[in-house]
2 protein chains.
Amino acid sequence: MPILVMKFGGTSVASLERIRHAAGLVSREVENGHEVIVIVSAMSGKTNELVGWVEETSRFYDAREYDAVVSSGEQVTAGLMALTLQEMEIPARSWAGWQVPVQTDSAHAAARIEDIETGNITAKFAEGMKVAVVAGFQGISPEGRVTTLGRGGSDTTAVAFAAAFGAERCDIYTDVDGVYTTDPRITSKARKLDRIAFEEMLELASLGARVLQTRSVELAMRYNVRLRVLSTFGSNDDNAGTLVCAEEDIMEKNVVAGVAFSRDEAEMTLLSVADRPGIAAAIFGPLATAGVNVDMIVQNISEDGRTDMTFSLPVNQVARARQAMEAVKASGEVNYGRLVTDEDVAKVSVVGIGMRSHAGVASRMFAALRDESINIKVISTSEIKISVLIDRKYLELAVQALHEAFELSDAA
Amino acid sequence: MPILVMKFGGTSVASLERIRHAAGLVSREVENGHEVIVIVSAMSGKTNELVGWVEETSRFYDAREYDAVVSSGEQVTAGLMALTLQEMEIPARSWAGWQVPVQTDSAHAAARIEDIETGNITAKFAEGMKVAVVAGFQGISPEGRVTTLGRGGSDTTAVAFAAAFGAERCDIYTDVDGVYTTDPRITSKARKLDRIAFEEMLELASLGARVLQTRSVELAMRYNVRLRVLSTFGSNDDNAGTLVCAEEDIMEKNVVAGVAFSRDEAEMTLLSVADRPGIAAAIFGPLATAGVNVDMIVQNISEDGRTDMTFSLPVNQVARARQAMEAVKASGEVNYGRLVTDEDVAKVSVVGIGMRSHAGVASRMFAALRDESINIKVISTSEIKISVLIDRKYLELAVQALHEAFELSDAA
């Protein structure tokens, strides 16, 4: 019998009524002839409550005890979901991570799954069980202690189960009905994508379209797990969601799949840096140590042995970055003239695997921005993405212009 | 190093502040040179919340899923207690029941402990750990599923650990400061007992002095675990509580240790029952089947082949009992004249191991009641207990008179 993995996030299991609704979706898949593995999060709010207690108890807490406390939320939902399914006369039972077991490393609070033992659950399917409900976000360390996987861990659990059991598909039920060409709050012309390639999804996820956790997409790509994002609350008829899959499974590849953006960026420039081998390391090493997430980096060509170095970073890390730069200047490690900061910038990116084979995407992007008189401050590119830094006040305008320029509102 | 078991109930760990207070008590025992095993309940209210969710989800629920859900409360407290102790620089860690493991049978929601593996915790003590915090009320079945022990299970867990580890003592921290000669709400002359024998405690527990769960006292008696009941909130100086121990450990045995009572009793009499061999079984079999907890039973001597049969029961089971008796009459199995019910009675008992060697306790009890003109309706006796049924309105008067008659307010 084909196996399907279905994952329900915190808002989808926030109350007994919602758990019943989710169980109804599971029941439909059982009727369609699937054996189902359901991965559940804690009821929304519960994990935050537990984390709050731990943090109030101890500022530098033992992550092993943190995990023992925080993992309990998913166990409750798993039991309640199994009971709800049984009430619908569907043979079901719950598993905590340690019962499966989900073997992880010992990096408590941010553990990585190393192996999922399929024997116990497979044996129960063979005995007639139809649904295995598994507490997401957790596993067991080689020392026999409960571990958690960190934020977004339930998505990762779901994909790992789909890979381990060779599932037909991994359905991630959430509060949005799929992946869009851009944020519908910016333009009503944003269109839901039927399919998107793993690589595109990764770029979109890390660029701010918070639908799927990056780690789970990476894992799905590595094991070629077909991943579907869809709404828990959609109507039955029109709820196909978005399928995240391998490039080969997409017949008509988009040149550009979507327009992503990140609103709260800042730009820092070190003017007149004494250029020498190792200068980049001397600047970005201390920034990394200070916990600054540098994103785009641009270095102008050198004139008279001096250059300008520009980089972007989240706006709330500016103070930290400035401190680090003043320290390296004071210590004499880096010699620069002035430090210029612009805290009112945003990043806009176009993403698409079609770029690999289609020339002219960059020039089309730049032309669209020029037509709206939007000045580009910094440019960076990768194989399937072009990002620009612009004044924040133009963000919405830029997203709309690019969405239009790449004809993303037309049906594929 | 001597091992001490300390158990904290739900009200003792109801908030982070109370957990800190309890951790302070643990810390004092560590300073006194003990290795400590702490058994914790769920934060008060949590278990009821979880049980409520299960019952709302499913009327005839799978007890295995009930256990998976309900056991989570103790795990949270165990983790928080371990963190709090670490914060006080005491080496501590938490264990869920399955991690110890606490082996139980498969009677989910009412499991019995079969074995406690001491190896893991002992090894950690050898490595320098000072406190093992164990989630009470739970274990693991032979099938590898989480079990719970039923109401009062945390007391039982504590005593079982004390037995398994050969602990010096098992301290049950609760919201009362010990076991009293009678309920202080009835007479201000009630006195806290320094020591009480297991057998006496068992009679008092089952008679309504709700300090310790009966099952845990039975277990302590079987393994000769010295059990101390004391207050979590008492002052340091005057908080010795009450030691529940073997008869041999009590130098000055009380003739009577205490006066127990049960307020909401009823008395039923079947008048003119046709007496024949097996008549008692014909009456009390159907009552048991109907879920009626019959307590005292009195059968008058037979005259002309007919007798009267009187028994006591909780007042809220009268309707059920009447229905059962009318059914056996209608079926012709039991032939009786009239059914008389008195729903306004109470039971008062005096308990003491000294009765075994002291004659005259019964007559002293009856004289005390006679002096207050209290009529005795039914009498029953065991080796260390005499119980009488009286009109409920005389309950307080009877308790005070007996407390006085046996000189219980004088220091031992």
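Structure's up top.
Definitions and cut-offs
- Residues numbered from 1 in each chain as written.
- Chains lettered and ligands numbered in written order.
- Predicted model: local features only at pLDDT ≥ 70, side-chain atom pairs only at ≥ 80, totals over all residues.
- Heavy atoms only, no water.
- Helix = DSSP H or I, 4+ residues; strand = E, 2+ residues; numbered from the N terminus.
- Contact = heavy atoms within 4.5 Å.
- Buried area = accessible area lost by both parts, 1.4 Å probe.
- Salt bridge = Lys/Arg side-chain N within 4 Å of Asp/Glu carboxyl O.
- Polar contact = N/O pair within 3.5 Å; in protein donor to acceptor, adjacent residues only side chain to side chain.
- Nonpolar A, V, L, I, M, F, W, Y, C, P; charged D, E, K, R; others polar.
- Phe/Tyr/Trp six-rings, centres within 6.5 Å; stacked < 30°, edge-to-face > 60°.
- Buried < 20%, exposed > 50% of the residue type's maximum accessible area, 1.4 Å probe, protein only.
- Lys NZ or Arg CZ within 6 Å of the ring centre and 35° of its normal.
- Least-squares fit on C-alpha atoms with pLDDT ≥ 70 in both.

A.B. asks: I'd like a rundown of the environment of Thr156 of chain B, residues and numbers included.
C.D. replies: Note on placement: Thr156 of chain B falls in helix H6 (residues 153-164). Residues in contact with Thr156 of chain B, not counting those within four places in the same chain, are Ile113, Gln213, Arg215, Ser216 and Leu219 of chain B.

A.B. asks: Tell me what's going on with the interface of chain A and chain B, and back it up with residues and numbers.
C.D. replies: The interface of chain A with chain B comprises 36 residues on the first partner and 36 residues on the second. Overall, the association of chain A and chain B removes approximately 3000 Å² of surface from exposure, summing both partners, and the carbon and sulfur fraction of that is 60%. Across the chain A-chain B interface, the total number found is two salt bridges. Two residues, Lys46 of chain B and Glu49 of chain A, come together in a salt bridge whose shortest N-O distance is 3.9 Å. In this assembly, chain A and chain B are joined by eight residue pairs in polar contact (both at pLDDT 80 or more). Within the residue set of the side of chain A that touches chain B, elements represented by two or more residues are helix H1 (16-31), helix H2 (46-57), helix H3 (63-70), helix H4 (72-87) and strand E3 (92-95) of chain A. The element that contributes the greatest number of residues to the side of chain A that touches chain B is H4 of chain A, accounting for ten residues. In terms of residue class, the side of chain A that touches chain B is built from 16 nonpolar, ten polar and ten charged.

A.B. asks: I'd like a description of the packing of aromatic side chains, backed by residues and values.
C.D. replies: Scanning all chains against the criterion turns up nine aromatic pairs over all chains. Arranged with centres 5.5 Å apart and planes meeting at 80°, the rings of Phe284 of chain A and Phe311 of chain A form a pair that is edge-to-face. Of this pair, Phe284 of chain A sits in helix H9 (residues 279-289) while Phe311 of chain A sits in strand E15 (residues 306-314), placing them 27 residues apart in sequence. Residue Phe284 of chain A is classed as buried on the basis of its relative accessible area, which comes to 16%. With relative accessibility at 1%, the residue Phe311 of chain A sits in the buried group. Its guanidinium or amino end placed over the ring of Trp95 of chain B, Arg93 of chain B lies 3.9 Å from that ring's centre, counting from NZ or CZ. Across the ring face of Tyr336 of chain B, the terminal group of Lys329 of chain B is positioned such that the distance to the ring centre comes to 4.7 Å.

A.B. asks: Quick rundown of the relation of the copies chain A and chain B? Include the residues and the values.
C.D. replies: The two chain copies are related to each other by a rotation about an axis together with a translation along it. Structural alignment of chain A on chain B gives an RMSD of 0.1 Å, achieved by rotating through 180° and translating 0.0 Å along the axis. Such a combination of rotation and displacement between the chain copies is what one expects of a two-fold axis. Residues of chain A ranked by C-alpha distance from the rotation axis are headed by Ser72 of chain A, positioned 2.8 Å from it. Take the interface residues of chain A: 100% of them recur as interface residues in chain B, which is what a same-surface contact looks like.

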